[in-house]
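Given next are the chains, with one letter for each unit.
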Amino acid sequence: MPRKSPRSRRREPEPRLPGKRRPRATPGRKPARPVTTRVPKAAHARRGARADELAARAAAVAGILERLYPDAATPLAHANALQLLVATILSAQCTDARVNLVTPELFARFPDAAALAGAGRAELEDLVRSTGFYRNKAKAIQACCAAIVADHGGAVPRTMEELVTLPGVGRKTANVVLGSAYGIPGIVVDTHVQRLAGRLGFTKERDPVRIEFALQPLVPEAKWSRFSLWLIFHGRRVCVARKPRCSICPLSPHCPRLGVSSAQ
Ligand code: SF4
């Protein structure tokens, strides 16, 4: 009979029984202090100071942006909430200027949600083709309009809760419609707002919804929609994705330029 190696003769560990406590690894040592959620006073004070500093910087930034872009408004041409909703769907991966070239004919041909929902798919695709991803966009517009007709009597709803139930409508699109068509404050987080919020040190979040919630306490609610429009305008003109123009940026004294490795 072959001899067992010393390793194989080692005792198997005792199986752990449910409810049986594992003996302490170092008998005699004091048990660890229970975890407490209390924040030490100094840390609490530091957090408060940081929040104050952030709020002061955000107020300064908002003030400068307001003076820079006093007439900021959505560049998407529209006459009502439905047109803005459709134009916003079309603006995905496309310039606003291109969308504005397409929508006059689209809205003249299909003036309301029922008409858009019942449009021939091929004709609709043809009308929006130049905005890119035209098959998906035509499908999304028709699904969204069908839901508006079926569930909201043909009128675009006025609340975030209802808007985000529409097919293809997320918080960004909903905030565009709420802010620019209905005058209900909302922070639109697009790629520019995402980038500027990070560079300005307003939040480390990367998810658009988390960024939206992080920005909300930094500016008065009445300014939410305009604040995001100001950031979008500034992101297009000065704080561009590659090589931001920090040397001519009026926000420079208030900006930590987080993540900026090369600037103009
Ligand atoms: S200073 Fe530079 S990084 Fe900061 S907002 Fe201006 S352009 Fe952007």
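Worth saying up front: this structure is predicted, and the values here are computed from it rather than measured.

## What to know about the overall build of the chain
Part 1: The number of helices and strands found in the chain is 12 helices and 0 strands.
Part 2: Each helix and strand of the chain, placed in order from N terminus to C terminus, yields the pattern α-α-α-α-α-α-α-α-α-α-α-α.
Part 3: Looking at the chain as a whole, 29% of its 264 residues are labelled buried.
Part 4: Considering only intrachain contacts with a sequence separation of at least 6, the fraction spanning at least 24 residues in the chain is 58%.

## Comments concerning unusual backbone geometry
Part 1: The backbone of Phe-133 shows a phi angle near 45°, a positive value even though the residue is not glycine.
Part 2: Look at Arg-257: it is not a glycine, yet its phi comes out positive at around 55°.
Part 3: Mapped onto the elements of the fold, Arg-257 is located in the segment after helix 12 (224–237).

## Comments concerning helix 4 (residues 96–109)
Part 1: Across its 14 residues, helix 4 extends 20 Å between first and last C-alpha, which sits within 8% of the 20 Å expected from 1.5 Å per residue.
Part 2: Where helix 4 bends most, the angle comes to about 35°, and this point is Thr-103, followed within four residues by the proline Pro-104.
Part 3: Burial in helix 4 covers these residues: Val-99, Thr-103, Leu-106 and Phe-107.
Part 4: In this fold, the buried residues of helix 4 make contact with helix 3 (81–90) and helix 6 (121–128).

## Points about the packing of helix 3 against helix 4
Part 1: Two elements in contact, helix 3 and helix 4, have axes separated by 10 Å at closest approach and are oriented at 135°. On the basis of the axis angle, helix 3 is oblique to helix 4. Note on packing geometry: the crossing formed by helix 3 with helix 4 is right-handed. Taken together, the residues of helix 4 that come into contact with helix 3 (itself represented by Gln-83, Ala-87 and Leu-90) are Val-99, Val-102, Thr-103 and Phe-107.
Part 2: Here the contact of helix 3 with helix 4 is composed, by residue class, of 5 nonpolar, 2 polar and no charged.

## Things to note about the nonpolar core
Part 1: Within the largest apolar cluster, 53 residues are counted, with the highest numbers of intra-cluster contacts made by Val-86, Ile-141, Val-177 and Val-193.
Part 2: The dominant element in this core, judged by the number of residues it contributes, is helix 3, at 7 residues.
Part 3: The residues contacting Val-86, other than those within four sequence positions of it, are Leu-116 and Ile-141.

## A short note on the confidence of the model for the chain
Part 1: On average, the chain scores 89 in pLDDT, and the residues at 70 or more come to 85%.
Part 2: Confidence drops under a pLDDT of 50 for residues 1–10, and excluding neighbours within four residues, the segment shows 1 contact in the predicted structure.

## Concerning the environment of Thr-88
Part 1: With respect to the element layout, Thr-88 can be found in helix 3.
Part 2: Take Thr-88: there are 25 C-beta atoms within 10 Å of it, and that puts it in the buried class.
Part 3: Considered as a pair, Thr-88 and Ala-174 are 86 residues apart in the sequence and their alpha carbons are 9.4 Å apart.
Part 4: The contacts of Thr-88, once residues within four sequence positions are left out, are Leu-76, Thr-173, Val-176 and Val-177.

## Topic: the environment of Cys-145
Part 1: Here Cys-145 lies in helix 7 (residues 134–152).
Part 2: Sequence-wise, Cys-145 and Leu-116 are 29 residues apart; in three dimensions their C-alpha atoms are separated by 6.5 Å.
Part 3: When sequence neighbours within four positions are dropped, the list of residues in contact with Cys-145 reads Ala-113, Leu-116 and Ala-117.

## Here's the deal with the environment of Val-176
Part 1: Here Val-176 lies in helix 9 (residues 171–181).
Part 2: Since 26 C-beta atoms lie within 10 Å of it, Val-176 is described here as buried.
Part 3: Separated by 10 residues in sequence, Val-176 and Gly-186 have C-alpha atoms that sit 7.5 Å apart.
Part 4: For Val-176, the contacting residues outside a window of four places in its chain are Thr-74, Leu-84, Thr-88 and Val-188.

## A short note on helix 2 (residues 41–68)
Part 1: Its 28 residues place the ends of helix 2 41 Å apart at the C-alpha level, agreeing with the 40 Å of an ideal helix rising 1.5 Å per residue.
Part 2: For helix 2, the tally of buried residues reaches only 2 of 28 residues, placing the bulk of the element at the surface.

Analysis parameters
- Residues numbered from 1 in each chain as written.
- Predicted model: local features only at pLDDT ≥ 70, side-chain atom pairs only at ≥ 80, totals over all residues.
- Helix = DSSP H or I, 4+ residues; strand = E, 2+ residues; numbered from the N terminus.
- Buried ≥ 20, exposed ≤ 12 C-beta atoms within 10 Å, placed from the backbone.
- Contact = placed C-beta atoms within 7 Å.
- Expected span 1.5 Å × (residues − 1).
- Bend = angle between axes of the 7 residues up to and from the residue.
- Axes fitted to C-alpha atoms, helices over the stretch in contact; angles between N-to-C directions.
- Parallel < 35°, antiparallel > 145°, perpendicular 65-115°, else oblique.
- Left-handed = near helix turned anticlockwise from the far one by under 90°.
- Nonpolar A, V, L, I, M, F, W, Y, C, P; charged D, E, K, R; others polar.
- Core = buried A, V, L, I, M, F, W, Y, C linked by C-beta atoms within 7 Å.
- pLDDT = per-residue confidence, 0-100.

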